[in-house]
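Understanding the architecture of this molecule
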Amino acid sequence: MSRPGGRRSEDDLRAAFAAKATQAPKAEDVLRAVRRATRPRPSKLRWLLPAVAAAAAAPAAMSANNGVCRPDQVRAAVTVRRDAGVERATLTVTALADCRIARVPRVTWNGATVGAVPAPDAGGTRSGSGAPRTATADRYGLLAAGATATAIIAATDPCSARAGDAVQVDWGAGEVELHATGAAPRCEAPAQPARLNIGPFRGLS
Amino acid sequence: MTFEEFAATRLDAVLRFAVVLTNDRGLAEDVVQEVLIRAYGRWAQIAELDYPEAYVRRMVVNEFLSWRRKWARYVPYAEVEPDVREPDQAAAQAERSAMLAEVGKLPRRQRAVLVLRYYEGLSDAQIGEILGCAETTVRGYAFRGLAALRIELTSSAMKSEDPT
């Protein structure tokens, strides 16, 4: 209790502290928060593991199909232009990931087989495009992520290739259907059966 | 002693100490919670000490003294005690509340010394060990704190103590 003149005793201070101590929070409330904070949390690895597993599986998947580019791993297009009265088309393949494509793809143009000019360092016949028919490793080239490979499709006759034509391309992963685009002048002559030849891809390593 | 055993038997006392030290129930809860989370992580070492509870109390003091950086996100509020007093105790209760309010305004080291001495009953040497300062420094803190609270000393040693 305070003394006259406003002075207090040490016992007053002890009593005040003892009274204050009765306001302590409950241990269980604090413990609950501590347990919540120290509870083992789901590891962030939990979210990482599928990605790691997928990354680990990727090489296996690549080897399973010889690392050939899946259709979803590339952007492919065929553009047509007229050059000296004869159409030339360009097949462009851009990889989104490192993968392999046949150096000479198999192509059909409006259902007609496009002849293949074999790659200089690869054997084969000229009887038609069809890289998968020979499965030797050098039949495929590596297309790095972001890199673009182009192959020229040359026509022997005018009006053999036009914008809008359906083009099936197989670089080793099955046929992918594309539609030729381009600002080729309108062909006045009647459409000819496709007599086309495709050269090897450039830009492969 | 496991962490759970410590919590079951000693945590209430630690919380009472913390609320006296901080003069604030919410802050005491926060401080003890922080301390326990850290202690839990290295309880194996703490349990090997002779007095784990003393170590935890020391952690509480240090946490309280270093709490300054956390004040920015701490919103002070007025603590309203439940009015359960008898009419004849009203004056004593009011005086006690006034004294605690003044204790709350003391610098934290002074406050810690007073709590350790008058609530925990520790010697100045023990307090100096906890705060990491000399015994004379502890007496200096105590002297100034008591003077600010206008507390009349009954201890002859303290009466003769004048750190200035």
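See above for the structure.
Residues numbered from 1 in each chain as written. Chains lettered and ligands numbered in written order. Predicted model: local features only at pLDDT ≥ 70, side-chain atom pairs only at ≥ 80, totals over all residues. Heavy atoms only, no water.

**Comments concerning the overall build of chain B**
For chain B, the helix and strand inventory stands at nine helices and one strand. Its helices and strands taken in sequence order, chain B reads α-α-α-α-α-α-α-α-β-α from the N to the C terminus. When each of the 164 residues of chain B is scored for burial, the buried share is 43%. Accessible area of chain B: about 8,700 Å², with a carbon and sulfur share of 50%. (Helix = DSSP H or I, 4+ residues; strand = E, 2+ residues; numbered from the N terminus. Buried < 20%, exposed > 50% of the residue type's maximum accessible area, 1.4 Å probe, protein only. Areas by Shrake-Rupley, 256 points an atom, 1.4 Å probe, with all protein chains shown as cover.)

**Here's the deal with the overall build of chain A**
Along its length, chain A carries three helices and 12 strands. The buried share of chain A, reckoned over its 205 residues, is 38%. Intrachain contacts of chain A at a sequence separation of at least 6 include 73% that bridge at least 24 residues. Here chain A has roughly 10,800 Å² of accessible surface; of this, 57% comes from carbon and sulfur atoms. (Contact = heavy atoms within 4.5 Å.)

**Some thoughts on the pattern of salt bridges**
Overall, the coordinates contain 16 salt bridges over all chains when judged by the stated rule. The salt bridge partner of R32(A) is D29(A), with a shortest N-O separation of 3.4 Å. Of the two residues, R32(A) and D29(A) are both situated in helix α2 (residues 27–38); the distance of three residues between them amounts to about one turn of the helix. You can call D29(A) partly exposed: its relative accessible area is 29%. Taking the shortest distance from any N to any O, the salt bridge between R150(B) and E102(B) comes out at 3.3 Å. (Salt bridge = Lys/Arg side-chain N within 4 Å of Asp/Glu carboxyl O.)

**Some words on the layout of surface pockets**
All names here are of chain B. When its volume is computed, the largest pocket comes out at roughly 370 Å³. At the level of secondary structure, the elements contributing two or more residues to the lining of the largest pocket comprise α4 (52–65) and α7 (124–131). Per element, the largest residue contribution to the lining of the largest pocket is four residues, and it comes from α4. (1 Å grid on protein atoms, 1.4 Å probe; cavity = no way out; pocket = protein on both sides within 12 Å on 5 of 7 lines; lining within 4 Å. Points joined across faces, edges and corners; volume = space filled by probe spheres on them.)

**Some thoughts on the state of the cysteines**
All names here are of chain A. In total, this model carries one disulfide over all chains according to the counting rule given. Here C69 is linked by a disulfide to C99, with a sulfur-sulfur distance of 1.9 Å. Across the disulfide from C69 to C99, rotation about the S-S bond amounts to roughly 90°, and the bridge is consequently right-handed. Taken together, the residues C69 in the loop between α3 (45–64) and β2 (74–83) and C99 in strand β4 (residues 99–102) connect sequence positions 30 residues apart. A relative accessible area of 0% means that C69 is categorised as buried. Using a relative accessible area of 1% as the deciding quantity, one classes C99 as buried. (Disulfide = S-S within 2.5 Å.)

**Considerations on the pairing of strand β11 (residues 176–179) of chain A**
All names here are of chain A. Of the two faces of β11, the one lined by V176 and L178 is fully buried and the one lined by E177 and H179 carries no buried residue. Direction of pairing for strand β10 (residues 166–170) relative to β11: antiparallel, over a ladder of four bridges. In the strand pairing of β11, V169 is matched with V176. Count of turn residues in the β10/β11 antiparallel hairpin: five residues, of which G172 carries a positive phi of about 125°. (Pairing = 2+ DSSP bridges.)

**Topic: the environment of A116(A)**
If you trace the backbone, A116(A) turns up in strand β7 (residues 115–116). Put simply, A116(A) and L196(A) are 80 residues apart on the chain and 8.6 Å apart in space, counted from C-alpha to C-alpha.

**Some points on the packing of aromatic side chains**
Residues and elements named next belong to chain B. Per the counting criterion, the structure on display carries three aromatic pairs over all chains. Seen from their ring centres, F3 and Y40 are 5.0 Å apart, and the 85° between their planes marks the pair as edge-to-face. A residue pair is termed long-range when its members are at least 10 positions apart, and F3 in helix α1 (residues 3–22) and Y40 in helix α2 (residues 25–41) qualify at 37 residues. Residue classification places F3 among the buried residues on the basis of a relative accessible area of 7%. A network of ring pairs unites the aromatic residues F3, F6, Y40 and W43 as a single cluster. (Phe/Tyr/Trp six-rings, centres within 6.5 Å; stacked < 30°, edge-to-face > 60°.)

**Some points on the sheet that holds β11(A)**
What holds strands together in a sheet is hydrogen bonding between their backbones, with the strands either parallel or antiparallel. Residues and elements named next belong to chain A. Read from one edge to the other, the open sheet built from four strands follows the order β6-β5-β10-β11, with strand pairing classed as antiparallel. Each edge of the open sheet carries a strand with a single partner, namely β6 (112–113) and β11. Pairing of strand β5 (residues 106–109) with β10, which is carried by four bridges, proceeds in the antiparallel orientation. By the bridge assignment, R106 is partnered in β10 with D170.

Honestly, that's just the spatial picture; any functional story needs more than this.
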